[in-house]
Amino acid sequence: MNPRRLLIAALLLVGLSSALYLSSNRDPKDSKTPSPDDAPKILEIPQDQITKLELRRMGAEPVILEKPAAEWLLKAPVTMGADQVLVNNIVGTLSVLPSDRLVDEKATDFKPYGLATPVLTILITRKDGKTHTLHIGDDTPSGVSTYVRLDGESKLYTFVNANKMMFDKTWRDLRDKRLLPFDSEKLTRVQLGDIEFGKTNGNTWTILKPKPLRYAQQNHLVGLRGRLVGGGLHQLQFAFDGDARLKRQFVKVGITLLGANYKRLAIHNVGRRKRG
């Protein structure tokens with residue numbers, strides 16, 4: 001056998017063996033593939049430190065939300081209660097806001113990304129008075145992400161479109177939509193027209209009027225309680241229609257809370273209309 005070829009083959013064998021050895025002994029961390037968790041965070045603020053949000057949508061009045069105590073309130077362009085679930089979801093997302101990816105760490109021109117005149121800007125105020133301003137621009141060419149940046153920083157990020165949809169709200173979206181705001185745990189009596197329900201000490205609902213009867217459909221009353229607390233008129237209609245005995249025209253809905261606090265809601269034409 002040709003000695004030269006034998007030497008070349010031996011060198012190739014040594015090289016292959018070294019490569020196999022290094023591959024089998026490599027630290028698993030070195031071969032880790034990037035995951036969404038590795039994407040840099042755009043914002044990270046303790047959620048309980050956020051006390052004010054200002055949503056500035058292009059061509060619309062700013063929407064201002066404040067949290068002076070336990071609940072969020074709408075302060076502009078109208079003053080009224082806010083949808084606590086929706087606002088807390090927005091605040092929770094902003095408090096730990098991940099990026100989809102870091103596009104450019106030292107961007108100098110944001111105009112091509114729709115960030116010179118953003119479609120949406122969110123001003124976040126903390127308890128200590130410190131503010132963060134998030135600018136949201138155009139969607140990426142793929143349409144699945146959106147360009148974003150923080151005011152005063154040169155980093156250009158993208159985040160998923162779902163975040164943009166969550167933040168892009170009007171005051172009508174964020175208002176408190178409940179018909180009868182109250183603590184459902186304190187509910188003791190419900191009056192629907194001439195039918196009155198009461199809750200016993202064992203948390204069982206009974207019919208009090210027109211005559212005392214045990215009401216077996218407990219889930220209907222529990223569902224009605226939930227709709228009275230957080231529902232709109234269409235949900236109340238759904239609750240009434242859930243039981244054939246309640247499918248009728250109701251003029252008044254009254255609820256009694258602990259401490260004899262009584263609230264009444266007038267409802268007209270709740271029953272289904274007959275088609276002519």
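Residues numbered from 1 in each chain as written. Predicted model: local features only at pLDDT ≥ 70, side-chain atom pairs only at ≥ 80, totals over all residues. Heavy atoms only, no water.

**Here we look at the packing of aromatic side chains**
To keep things clear, this is the line we draw: Stacked, tilted and edge-to-face are the three classes applied to pairs of Phe, Tyr and Trp rings, where Trp contributes its six-membered ring and a pair requires centres within 6.5 Å; stacked means planes under 30 degrees apart, edge-to-face means over 60, and tilted covers the rest. Three exposure classes are used, based on accessible area relative to the maximum for each residue type with a 1.4 Å probe and protein chains only: buried under 20%, partly exposed in between, and exposed over 50%. Our definition puts a charge over a ring when NZ of Lys or CZ of Arg is within 6 Å of the ring centre and also within 35 degrees of the ring normal.
Counted under the stated rule, the structure contains two aromatic pairs. An angle of 55° between the planes, with centres 6.3 Å apart, marks the rings of Phe159 and Phe167 as tilted. Across this residue pair, the class does not change: Phe159 and Phe167 are buried. Over the ring of Phe110 we find Arg149; its NZ or CZ atom is 4.4 Å from the centre of that ring.

**Side note on the pattern of salt bridges**
Put simply, the rule is: By convention in these notes, a salt bridge is any Lys or Arg side-chain nitrogen within 4 Å of a carboxyl oxygen on Asp or Glu. The numbering of helices and of strands both runs from the N terminus, where a helix is a DSSP run of H or I of at least 4 residues and a strand a run of E of at least 2.
In total, this model carries six salt bridges according to the counting rule given. When the shortest N-O distance is used, the salt bridge between Asp139 and Lys164 registers 3.3 Å. With Asp139 in strand 9 (residues 131-139) and Lys164 in helix 3 (residues 161-167), this residue pair connects regions lying 25 residues apart in the sequence. Classification of Asp139 as partly exposed rests on a relative accessible area of 37%. Note that Lys209 is salt-bridged to Glu196, the shortest N-O span being 3.5 Å. One end of the pair, Lys209, is in strand 14 (residues 205-209); the other, Glu196, is in strand 13 (residues 195-199), and 13 residues separate them in sequence. Accessibility expressed as a relative area gives 46% for Lys209, which makes it partly exposed.

**Let's talk about helix 2 (residues 84-95)**
Rule in force here: Every helix has an expected span of 1.5 Å times one less than the residues it contains. Polar contact is the term for a pair of N or O atoms within 3.5 Å; when the atoms are in protein, one must be able to donate a hydrogen and the other to accept it, and sequence-neighboring residues count only if both atoms are side-chain atoms.
Between the first and last C-alpha of helix 2 there are 16 Å, a value that for twelve residues agrees with the 16 Å anticipated at 1.5 Å per step. Burial in helix 2 covers these residues: Gln84, Val87, Ile90, Val91, Thr93, Leu94 and Ser95. Its side-chain oxygen placed 3.2 Å from the backbone nitrogen of Val85, Asp83 serves as the N-cap of helix 2.

**Re the sheet that holds strand 4 (residues 73-76)**
Cut-off, in case you're wondering: Each pair of strands is called paired provided DSSP finds at least two bridges between the two strands. Working rule for contacts: check all heavy atoms of both residues, and any pair within 4.5 Å makes them a contact. For helices, the axis comes from a line fit to the C-alpha atoms of the stretch in contact; other axes are also lines fit to C-alpha atoms, and the angle between any two N-to-C directions lies between 0 and 180 degrees.
An order of 5-4-3-2-8-9-10-11-7 is seen for the nine strands of this open sheet, with the pairing classed as antiparallel. The sheet is open, and its two borders are formed by strand 5 (80-81) and strand 7 (101-104), each paired with just one other strand. Pairing of strand 4 with strand 5 involves two bridges; the strand directions are antiparallel. Residue pairing in the sheet places Leu73 in a bridge with Gly81 of strand 5. Lying over the sheet, helix 2 contacts strand 2 (50-57), strand 3 (63-66), strand 8 (120-126) and strand 9, oriented at roughly 95° with respect to strand 2.

**Topic: the confidence of the model for the protein**
For clarity, the cut-off: Here pLDDT means the predictor's own confidence in every residue, given as a number from 0 to 100.
Confidence along the protein averages 76 in pLDDT terms, with 59% of residues attaining 70 or more. For the stretch residues 21-37, pLDDT sits under 50, and the model shows two contacts to residues farther than four places along the chain or on other chains. This stretch, residues 233-253, has a pLDDT under 50; its non-local contacts, to residues over four places away or in other chains, come to 62 contacts.

**Description of unusual backbone geometry**
In this structure, Pro77 follows Ala76 across a cis peptide bond, with omega equal to 5°. By secondary structure assignment, the location of Pro77 is in the loop between strand 4 and strand 5.

**Things to note about the environment of Asp48**
Mapped onto the elements, Asp48 comes out in the loop between strand 1 (41-44) and strand 2. The sequence separation of Asp48 and Arg126 amounts to 78 residues, and the corresponding C-alpha distance is 8.8 Å. At 3.5 Å, the side chain of Asp48 forms a polar contact with the side chain of Gln49.

**A closer look at the nonpolar core**
Short version of the rule: Buried residues of nine kinds, namely Ala, Val, Leu, Ile, Met, Phe, Trp, Tyr and Cys, make up a nonpolar core once their side-chain atoms join them within 4.5 Å.
Ranked by size, the top nonpolar core spans 27 residues in total, and within it Leu53, Leu94, Ile122, Leu134 and Phe167 carry the most contacts. Of all the secondary-structure elements, those providing two or more residues to this core are strand 1, strand 2, strand 3, helix 2, strand 8, strand 9, strand 10 (145-150) and strand 11 (156-160). Broken down by element, the residue count for this core peaks at four residues, all from helix 2. In this view, Leu53 contacts Val63, Ile64, Leu65, Trp72, Ile90, Val91, Leu94, Ile122, Leu123 and Ile124; residues no more than four positions away in its chain are not counted. Leu187, Val190, Ile195 and Phe197 belong to the second-largest nonpolar core, a separate cluster that totals six residues.

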